[in-house]
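Structural characterization, general
Spelled out, the chains give:
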Amino acid sequence: IEASLTKRGKIVVKVNGETVATGKTERLTLKMPIDGLQVGSDFNGTVGEYDTPFSFKGTINSVTVDVQNR
């Protein structure tokens, strides 16, 4: 699974290289996150209306964050 988000708010989600969803967001978050990037749960503070820790129940084998200026 690959997801990309440009600084202009364009979102593209791909599965096995095939685009399965696209969209656009007006803004990234409504408030500044309390902690840095977390994968699989959100312990110290939410950026939306959901309960913490909001744990992912599956298996995450690998995460790659590629920050590009586009």
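Above this text is the structure in question.
Described below are features of the structure shown in this document. Because the structure is predicted, anything quoted here is derived from the model rather than measured. Along each chain, the written sequence defines residue order, and numbers are assigned to residues from 1. Per-residue local features are limited, in this predicted model, to residues with pLDDT of at least 70; the limit for side-chain atom pairs, both in listing and counting, is 80 or more; totals at the level of whole chains, interfaces and linings are taken over all residues. Only hydrogens and water are set aside when side-chain values are computed; all heavy atoms of the structure are taken into account.

Here the focus is the pairing of strand β1 (residues 2-5). Examined bridge by bridge, β1 and strand β2 (residues 10-15) share 4 bridges and lie antiparallel to one another. Directly across from L5, in β2, lies its bridge partner I11. Here a strand pair is declared whenever DSSP counts at least two bridges between the two strands. Secondary structure elements are taken from DSSP: a helix is a run of H or I of four residues or more, a strand is a run of E of two residues or more, and numbering for both begins at the N terminus. With antiparallel pairing between neighbouring strands as the criterion, β1 and β2 make up a hairpin whose turn holds 4 residues, including G9 at a positive phi of roughly 95 degrees.

Turning to the sheet that holds β2, a few remarks are in order. The pairing of strands in a sheet comes from backbone hydrogen bonds and takes either a parallel or an antiparallel form. One open sheet holds the 3 strands; their spatial order is β1-β2-β3, and the pairing between them is antiparallel. Taken across any chain shown, the strands that pair with only one partner, and hence form the sheet edges, are β1 and β3 (18-24). Averaged over neighbouring strand pairs, the angle between their axes works out to 15 degrees when direction is ignored. Where β2 meets β3, 6 bridges bridge the pair, whose relative direction is antiparallel. In the strand pairing of β3, V12 is matched with T22. To define axes, lines are fitted to C-alpha atoms, for helices over the stretch in contact only, and angles between the resulting N-to-C directions are given on a 0 to 180 degree scale.

Among the surface-exposed residues, L37, V39, F56, I60, V63, V65 and V67 lie close enough to one another that they form a single nonpolar patch of about 710 Å² accessible area. Structurally, L37 can be placed in the segment after β3. Within the patch definition used here, like charges are joined within 9 Å and nonpolar side chains (Val, Leu, Ile, Met, Phe, Trp, Tyr) within 5 Å, considering only residues with over 30% relative accessible area and no salt bridge. Areas reported here follow the Shrake-Rupley algorithm with a probe of radius 1.4 Å; residue values treat only the protein chains shown as occluding. Here, a salt bridge means any Lys or Arg side-chain nitrogen found within 4 Å of an Asp or Glu carboxyl oxygen.

Another point: unusual backbone geometry. Of note in the backbone geometry, N16 takes a positive phi value of approximately 55 degrees without being a glycine. Among the residues examined, N16 registers a relative accessible area of 77% and is labelled exposed. Exposure is judged per residue with a 1.4 Å probe applied to protein chains only, and the accessible area is read against the type maximum: over 50% gives exposed, under 20% gives buried, and values in between give partly exposed.

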